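These are the residues of each chain, in order.
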Amino acid sequence: MIYPKITESRMVFDLNGIWDFRLMEEGEVYTGEEQEGKNMLAMPVPSAFNELYNGREFADHVGNMLYRRTITVTEEMLKGRLFLRFASVAHQAQVWLNGTLLGSHQGGFLPFSFEIGKVVHVGENHMAVVVNNIVDHTTLPAGRLVRQRFPGMEEEVHNLPNFDFYNYSGIIRPVCLYTTPSTYMEDISIQGKVNGRFMWKIKASGKGSLNIRILDPEGREVYASESLSVDESGCLSGEGQIENVRLWDTKHPWLYQLETMFVGENGEKDCCGESFGFREVEIRDCHLYLNGEPIYLKGFGKHEDSPIRGRGFDLVYAVKDIALLKWMGANSFRTSHYPYCEEMLQLCDREGILLIDEAPAVGLHTGFSATGMLGGKSNKTWEILKTGDHHRQVLREMVERDKNHPSVILWSVANEPASEEEGAREYFAPLVDLVKELDPQKRPVTIVTYEGSSPESCKVAELCDILMLNRYRGWYDTEGNLKGAAALLKDELERFHLRCPDKPIMLGEYGADTIAGFHDVNARLFSEEYQAEFLKVYGDVFDALPFITGEHVWNFADFATAENIRRVDGNKKGVFTRDRKPKLAAHFLRERWSGLKKG
Ligand code: GCB
């Protein structure tokens, strides 16, 4: 998938701005007709709709909503091909143009596009998008739709997430139109090795010729191919060599640029560019290596979340968060629990931040959720959930979108599934194989597991290249007793190591809810002192175990969740508040990570 960028042959038109919006009623069907008399609200695109108007019914609306706007098309835009692209619509979109259904897309965190040159005309065109935000046993993330009737009342519908973040939805990332020539490039893969070799592959719309160039970080040409011929399949791959290559790493994230020019049979030129790094990720003897050097991951599980914007696209918070990560001496984060916006990955490429790129597969457990609302018992998850096909689709779309980013060093197929239940291995083995097959770089793959999936009961450990464990000893159990928590943690990590002696192990999550400004000399639960002490105790355990290869604290910042009795105004495990002010723990981690000698 090629990110929409203006080049010599392509134009991009921003469709962001204020659109018309309304919530749809249950059972209402959109047929492409404009309905008169319905009150439309002003809605910024991109954004999550939930917090922009008052009322619980508005914020927690379940079902469909309608977005509308007009698009003006010029003759120039119709000379080649014209595409309409959504970077993400949470969670399902049905797109209509001039009363005709263009198509639909399932899944809230990955891009999709439609070719629209034949459906639009020069002048004003009417676009409508019906967005659905339901999460259930067929969707990722997974949830439950519950219908309830109270005495003397009409039936109510509630959508309960199986996950611990607020179900922000709508057209949450940018929308654009882009043009290409009629013969064009559909996809580009590029990867660089530490010895300066690079491998590329393009998929064009048909026969033609191709020229490729590589520019170094200063923009100087360091490689140029001769003209290569592309046959009717449109596919061509090749390799080349750069001398004195500068490697991409966390200290010096040198980026090179691949420039491709495809000339179709009709003589039209299509030019694209893709930045990439020369770097290698490898796992051996229970360690993770970047360019042959051991690397220890220091960082967080995060969310795309900020006040009012919710999960809506926000580059200001993206840049601020990277600056704070650097301030802390962190080198990595996980895109928990869904693929983040493309611009965040571009920033991480540029800033040398390592990413664990996670599929939106959270809530795949019918008996457990982080908020404790599902009872805590294993419950035939793999017979009940019907997410298999959709899971394949999101993995395909994620790898296709993110494969060229040097910052992506690992794929996470899911967070906290029912990995201890019968059927887990059968569900996940083909998914892990699929990711490996799709990724040209064959990066390591993991499935992030929870406390109920012990060294004795976990059914997926052998499928993972690295074990990522989420543990809350000292919080959801053994609360207040950090010595006991540390003993349990160490014992369990050692048992995992015995089971998988060659695999690196890292903590994918550990943390304690902390109310900013709440202090106690005795480090009591919820105090800033307890959070700092909790992280210190965990750190001491990691330092004593040489097979531990990373620590990702939960969470970078406080974030919004659904309402429930375990959450007071959201999840407060942030080391920063929701508006990014440091708690005491931020200073502790800054000191720990800045001084850490590993990796
Ligand atoms: C988890 C989940 C995460 C929750 C966290 C918590 O295990 O992966 O989504 O927010 O626990 O705070 O309980």
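Caption draft 1: View of the pattern of salt bridges. For the structure shown, the criterion picks out 48 salt bridges. For the salt bridge of Arg173 with Glu304, the shortest nitrogen-to-oxygen distance reads 2.8 Å. Here the residue Arg173 occupies a position in the loop between strand S11 (156–161) and strand S12 (175–180), and Glu304 occupies one in the loop between strand S24 (297–301) and helix H2 (315–328), the gap between them amounting to 131 residues. One salt bridge connects Glu221 with Arg213, and the closest N-O pair in it is separated by 2.6 Å. By relative accessible area, Glu221 is classed as partly exposed at 44%. A relative accessible area of 32% means that Arg213 is categorised as partly exposed. Each of Glu451, Arg471, Arg473, Asp477 and Glu492 takes part in a single network of salt bridges with overlapping partners.

Caption draft 2: Geometry of the sheet that holds strand S13 (residues 185–192). Taking strand neighbours across the sheet as the criterion, the three strands line up as S13-S14-S18 in an open arrangement whose pairing is antiparallel. The open sheet terminates on both sides in strands that have one partner only, identified here as S13 and strand S18 (235–241). Neighbour-to-neighbour, the strand axes of this sheet turn through a mean angle of 15°, independent of strand direction. Relative to strand S14 (residues 197–204), S13 runs antiparallel, the two sharing seven bridges. Counterpart to Gly192 in the pairing with S14 is Phe198.

Caption draft 3: Structural view of the site of the ligand. In the vicinity of the ligand lie 14 residues, with Asp164, Glu416, Tyr476, Glu509 and Lys573 positioned nearest. In the environment of the ligand, an oxygen atom lies 2.4 Å from a nitrogen or oxygen atom belonging to the side chain of Tyr476. A class-by-class count of the residues in the shell around the ligand yields five nonpolar, four polar and five charged.

Caption draft 4: Just the nonpolar core, in detail. Within the largest apolar cluster, 98 residues are counted, with the highest numbers of intra-cluster contacts made by Leu364, Phe428, Leu493 and Val575. Contact partners of Leu364, with chain neighbours within four places excluded, come to Leu140, Ala142, Thr381, Trp382, Leu385, Thr387, His391, Ala414, Pro417, Ala418, Tyr427 and Phe428. With 29 residues, the next largest nonpolar core counts Met65, Met77, Ile116 and Leu177 among its residues.

Caption draft 5: Structural view of the packing of H2 against helix H3 (residues 342–351). Two elements in contact, H2 and H3, have axes whose closest approach is 10 Å; the angle formed by their N-to-C orientations is 30°. By the angle between their directions, the pair H2 and H3 is classed as roughly parallel. Note that H2 runs across H3; the crossing there is right-handed. Each of Leu315, Ala318, Val319, Ile322 and Lys326 in H2 lies in contact with H3, whose residues at this interface are Glu343, Met344, Leu347, Cys348 and Glu351. For the contact of H2 with H3, the per-class residue count stands at seven nonpolar, no polar and three charged.

Caption draft 6: Spotlight on the state of the cysteines. Under the counting rule described, the total for this entry stands at zero disulfides. Cys271 forms no disulfide, and the closest cysteine sulfur to it belongs to Cys272, at a distance of 7.5 Å. Given the relative accessible area of 11%, Cys271 is considered buried. Take Cys348: it sits in no disulfide, and the sulfur closest to it among the cysteines is that of Cys341, at 9.4 Å. Its relative accessible area of 0% is what places Cys348 among the buried residues.

Caption draft 7: Quick look at the packing of aromatic side chains. This model, assessed by the stated rule, comprises 38 aromatic pairs. Measuring from ring centre to ring centre gives 5.2 Å for Tyr30 and Trp96, while their planes differ by 80°; the resulting arrangement is edge-to-face. A residue pair is termed long-range when its members are at least 10 positions apart, and Tyr30 in the loop between strand S2 (17–23) and strand S3 (41–45) and Trp96 in strand S6 (residues 92–97) qualify at 66 residues. Exposure remark for Trp96: the relative accessible area of 11% places this residue in the buried category. Ring centres of Tyr256 and Phe276 lie 6.4 Å apart, and the angle between their planes is 45°; on these two criteria the pair is classed as tilted. Here Tyr256 is found in strand S19 (residues 256–264), whereas its partner Phe276 is found in strand S20 (residues 269–276), with 20 residues between them in sequence. As far as the burial class goes, Tyr256 and Phe276 line up, both buried. Chaining the aromatic ring pairs together yields one cluster made of Trp475, Tyr510, Phe526, Tyr530, Phe534, Tyr538 and Phe542. The ring of Tyr289 has Arg284 sitting right over it, with the charged end atom 3.9 Å from the ring centre. A cation sits over an aromatic face here: Lys302 above Phe333, 5.6 Å from the ring centre.

Cut-offs and rules
- Residues numbered from 1 in each chain as written.
- Predicted model: local features only at pLDDT ≥ 70, side-chain atom pairs only at ≥ 80, totals over all residues.
- Heavy atoms only, no water.
- Salt bridge = Lys/Arg side-chain N within 4 Å of Asp/Glu carboxyl O.
- Helix = DSSP H or I, 4+ residues; strand = E, 2+ residues; numbered from the N terminus.
- Buried < 20%, exposed > 50% of the residue type's maximum accessible area, 1.4 Å probe, protein only.
- Pairing = 2+ DSSP bridges.
- Axes fitted to C-alpha atoms, helices over the stretch in contact; angles between N-to-C directions.
- Near = heavy atom within 4 Å.
- Polar contact = N/O pair within 3.5 Å; in protein donor to acceptor, adjacent residues only side chain to side chain.
- Nonpolar A, V, L, I, M, F, W, Y, C, P; charged D, E, K, R; others polar.
- Core = buried A, V, L, I, M, F, W, Y, C linked by side-chain atoms within 4.5 Å.
- Contact = heavy atoms within 4.5 Å.
- Parallel < 35°, antiparallel > 145°, perpendicular 65-115°, else oblique.
- Left-handed = near helix turned anticlockwise from the far one by under 90°.
- Disulfide = S-S within 2.5 Å.
- Phe/Tyr/Trp six-rings, centres within 6.5 Å; stacked < 30°, edge-to-face > 60°.
- Lys NZ or Arg CZ within 6 Å of the ring centre and 35° of its normal.

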